[in-house]
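Observations on the three-dimensional arrangement
If you want the building blocks of each chain, they are given just below.
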Amino acid sequence: MKDQTRAPLLEALERMRHDRLVPFDVPGHKRGKGNPQLTEFLGERCLSVDVNSMKPLDNLCHPVSVIKEAEELAAEAFGAAHAFFMVGGTTSAVQSMILASVKAGDEIILPRNVHQSVINALVLCGAIPVYINPQTDKRLGIALGMSVTDVKETVAKHPAAKAILVNNPTYYGICSDLKSITDIAHEHGLVVLVDEAHGTHFYFGREMPLTAMAAGADMAAVSMHKSGGSLTQSSLLLCGPHVNAHYVRQIINLTQTTSGSYLLLSSLDISRRNLTLDGVEIIEKVKRFAQYARDEINAIGDYYAYSRELINGDSVFDFDTTKLSVNTLELGLAGIEVYDLLRDEYGIQIEFGDLGNILAYVSVGDKNKNVERLIGALGEIQRVYKRDNKDMLESEYITPIVMMSPQRAFYAEKISLPLEECEGKICTEFVMCYPPGIPVLAPGEKITTAIIEYIQYAKEKGCMLTGPEAMDVRRLNVWKGE
Amino acid sequence: MDDLWYSEYHTPRVRFSIKVTKQLHQETSDYQTISVFDSEEFGRFLTLDGIMMLTERDEFIYHEMIAHPAMAVNPNIRKVLIIGAGDGGTVRELTKYPTIEHIDVVEIDQRVVAVSKEFFPQTACGFEDARVQLHFQDGLKFVRRTELAYDLIVVDSTDPLGPGEVLFTKEFYGNCFRALTENGILINQHESPFYQEDAKAMRAAHRRLAQVFPISRVYQAHIPTYPSGHWLFGFASKSLEPLADLNAMEWNTLGLKMRYYNTDLHRGAFALPTYVREMLDDEV
């Protein structure tokens, strides 16, 4: 057991500050002195540790001292064989674990409700996605976890597949049966990758859903900056005991900056220490806040703040009770509409709204009075804006029809067509609906009438559609043909 | 000789000071720092987080003006909700009406009531009335689940920075709207138009009230110990107009003894200076 009260990176930065080294290296702002306005804005203490790699501070690309120690402490805290500090967001952690596991032509099994970073990784490496349709909850209009039966069937149908990726938990807090999925995958020689972006706190709370590392998964991408409290863009990539960590480092170094920010790195170190020492208490507090808000929101009526009652032993194997996900369909309003009303009319910014749901992110930083404001504002939205809900879209899941690999389609000869003329064509670009950032179309997929209608509907409801070259998504790039 | 002064910054460049003879109390509750001082000029006074709440000498102005205008417009008010007001002054004024049947007082900070009972019997006496029920909780939370229950809601809050912040939000005003009966009136402490920061809060409060209530008016009083001395109150209602519906005759037959409020002043209080009127007009 290592001394988890230590924070080697923090200590090294403090030593450096104390030693008053004369900087004749980058960054050129020289501890902020060369950019007084930036220093005024961000603070002198902050700028004084925005420094470059140097011997006393180690090097992220090739850690041998304080970064190595900090990563080892993190690995122990998360029950991993190895932990990588990442400075390109969880996107880079997700992509690195995919690039480290599959190559051009390899099959990778994944649920459709993956983050766009996953499919971007497939464009980079040329692997072929095999989608498992996530089970959906028709009433809530959300994708659930992976069903074990679906995993078994898909693995049997694709004996050559090299890896499986699991989203656990989903944005909405839904967990799959990670242990069974991992065991099945391992029996068939698949590498198990877990996008655990929303599950940092699972490693530290009491009575939490199973973590990727505890389930025996091979790699997991963990967004420390979400529930872990570190700075935006900092993240962790965890590896299990059967992964060649040196190869993973080489993969990370293909795309990661050689000037890793010490602001981000130290925030990972400090947050890991904080979670190890006080995590249980912090997460219990978040759970209490979320449960209180759930009860009060459900008492308003027309809203459904869901929780463990969704658990069904399979596609909802467990539920993360720190998540405050609320279905708004009974109210006659799309989640995105409630999301906009909360911000524009009540000055409350929540995490996201999709067609039927909103998610308010609850954390240790919340105060009672703000939770009361959120509940009060939802009550007001019901009083003032409630309407007949007969026109609401029931479910937003559309089964993708993969015609070619994302890489082949993305780099192919293409033509641009108006959206309404795209039916039957093969899309060569992404269409993402934000929130929640799950692909509507990925390169290589057939464009159907249902998809065109969905895009039009999402636009009408105020979702942000991103990805295509035509930024207003009135046109799509499609495969030109042989 | 001691030269002890209480000072409050009304702006970063303007300071208001009272010579203090003695500090009687200081504590930090779960929500704020509560202090009580004694002075020759203003008698005892209460501050929260260093900001003046009331003095023995001039509290009558604030409390009469927050309580009586609504009663003179609708003498049939039976059920009242007061939010904030841990010192008891607003309750004291409203308990003067035998026709009021029930008063709920919702104060978030139990310690403010306790300190007031100990040091300000002159205002805290209001809590002794049998019709008054005290609730120690968040005002927004209390009002949230209430529907068509009150004829009058008085929001006697601290400034919008600090624990009173929630009581200046649109969601709070909306929840109050729902809690009011069809002739319901909401009176709120509405900040001051004079100094820039206070004026900003004042305008925001007016904008949000006007978005929620069909009738939203503002009236004024002169309160020597509040920033600039020129203080505003909001009169928001579902149907009653503060001037057109004033029941001066009926109110005067009650024969209540006042030191500041009278029905002539009621009419004058709604006549606002031009610069204040312009600020308010900009917001709706």
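None of these values were measured; they are calculated from a predicted model. (Residues numbered from 1 in each chain as written. Chains lettered and ligands numbered in written order. Predicted model: local features only at pLDDT ≥ 70, side-chain atom pairs only at ≥ 80, totals over all residues.)

1. Focus on the sheet that holds strand β7 (residues 102-106) of chain B
Residue and element names in this part refer to chain B. Our working rule: For two strands to pair, DSSP has to find at least two bridges joining them. Working definition: helices are DSSP H or I runs of at least four residues, strands are E runs of at least two. Numbering for both runs from the N terminus. Under this scheme, a helix contributes an axis fitted over its contacting stretch, all axes are lines through C-alpha atoms, and angles between N-to-C directions fall in the 0 to 180 degree range. Two residues form a contact once the distance between their C-beta atoms, set from the backbone, is within 7 Å.
Reading across the sheet, the seven strands line up as β8-β7-β6-β9-β10-β12-β11 and stay open at both edges, with mixed pairing between neighbours. One side of each edge strand has no neighbouring strand; the edge strands of this open sheet are β8 (132-135) and β11 (215-222). For this sheet, the mean inter-axis angle between neighbouring strands, taken without regard to orientation, is 15°. For strand β6 (residues 79-84) and β7, the ladder comprises five bridges, and the chain directions are parallel. If you follow Leu81 over to β7, its bridge partner there is Asp104. Of the strands in this sheet, β9 (150-156), β10 (180-189), β11 and β12 (230-237) are in contact with helix α1 (residues 59-73), which crosses β10 at around 160°.

2. Notes on the environment of Pro163 of chain B
All names here are of chain B. Counted only if it meets this: In this scheme the burial state of a residue depends on its C-beta neighbours within 10 Å: 20 or more other such atoms mean buried, 12 or fewer mean exposed, and anything in between means partly exposed; the C-beta positions come from the backbone.
The topology assignment puts Pro163 in the loop between β9 and α6 (170-179). A residue is classified by how many C-beta atoms lie within 10 Å of it, and Pro163, with 22 of them, is buried. Considered as a pair, Pro163 and Arg259 are 96 residues apart in the sequence and their alpha carbons are 31 Å apart. What Pro163 contacts, discounting residues up to four positions off in sequence, is Tyr31, Gln32, Ile108, Asp109 and Thr158.

3. Thoughts on the interface of chain A and chain B
Formally: Throughout, the ten residues Ala, Val, Leu, Ile, Met, Phe, Trp, Tyr, Cys and Pro are labelled nonpolar, Asp, Glu, Lys and Arg are labelled charged, and all others, Gly among them, are labelled polar.
In this assembly, 13 residues from chain A lie in contact with 13 residues from chain B. Considering each element in turn, the side of chain A that touches chain B owes the most residues, eleven residues, to helix α14 (residues 368-385) of chain A. Here the residues of the side of chain A that touches chain B are counted per class, giving four nonpolar, three polar and six charged.

4. Side note on the domain arrangement of chain A
Often the size quoted for an interface is simply the accessible area lost on bringing the parts together. Residues and elements named next belong to chain A. For the record, the criterion: As annotated, the domain borders come from an automatic or database domain assignment.
For chain A, the domain assignment lists domain 1 (8-276), domain 2 (281-385) and domain 3 (406-479). Between the C-alpha centres of domain 1 and domain 2 there is a distance of 27 Å. Taken together, the 22 residues of domain 1 in the interface contact 20 residues of domain 2. Taken together, the residues of the side of domain 1 that touches domain 2 sort by class into eleven nonpolar, nine polar and two charged.

5. Describing the packing of α6 of chain B against helix α7 (residues 196-212) of chain B
Residues and elements named next belong to chain B. Short version of the rule: Definitions for this section: a left-handed crossing has its near helix turned counterclockwise from the far helix by less than a right angle. A right-handed crossing has that turn clockwise.
The contact between α6 and α7 brings their axes to 9 Å, and the two run at 40°. By crossing handedness, the relation of α6 to α7 is classed as right-handed. Here α6 contributes Lys170, Tyr173, Gly174 and Phe177 to the contact with α7, which in turn contributes Arg208, Leu209, Gln211 and Val212. For the contact of α6 with α7, the class distribution of residues is four nonpolar, two polar and two charged.

6. Describing the pairing of β12 of chain B
Remember that side chains alternate between the two faces of the sheet whenever the strand is regular. Residue and element names in this part refer to chain B. The buried fraction of β12 is high, at seven of eight residues. Where β10 and β12 come together, five bridges link them in antiparallel fashion. By the bridge assignment, Leu186 is partnered in β12 with Ala236. Pairing of β11 with β12, which is carried by eight bridges, proceeds in the antiparallel orientation. Pairing of Tyr219 across the sheet is with Phe233, part of β12.

7. Topic: the domain arrangement of chain B
All names here are of chain B. For chain B, the assigned domains read domain 1 (5-55) and domain 2 (59-283). A straight line from the C-alpha centre of domain 1 to that of domain 2 covers 23 Å. For the side of domain 1 that touches domain 2, the secondary structure elements donating two or more residues are β1 (5-11), β2 (14-28), β3 (33-39), β4 (45-48) and β5 (51-55). Here the side of domain 1 that touches domain 2 gets five residues from one element, more than from any other, and that element is β5. Here the residues of the side of domain 1 that touches domain 2 are counted per class, giving eleven nonpolar, six polar and three charged.

8. Focus: helix α11 (residues 245-255) of chain A
Residues and elements named next belong to chain A. To keep things clear, this is the line we draw: This arc corresponds to the set of directions leading from the helix axis out to the C-beta atoms.
The complete set of buried residues in α11 reads Ala245, Val248, Arg249 and Ile252. Viewed end-on, α11 has its buried residues packed into an arc of 100°, placing them on one side of the element. Turned more than 90 degrees away from the buried face of α11, the exposed residues are His246, Tyr247 and Leu254. For α11, the secondary structure elements touched by its buried residues are β1 (82-86), α5 (89-99) and β10 (235-239).

9. Focus: α6 of chain B
Taken across its ten residues, α6 of chain B has ten buried, putting it largely inside the fold. Regarding α6 of chain B, the residues found buried are Lys170, Glu171, Phe172, Tyr173, Gly174, Asn175, Cys176, Phe177, Arg178 and Ala179 of chain B.

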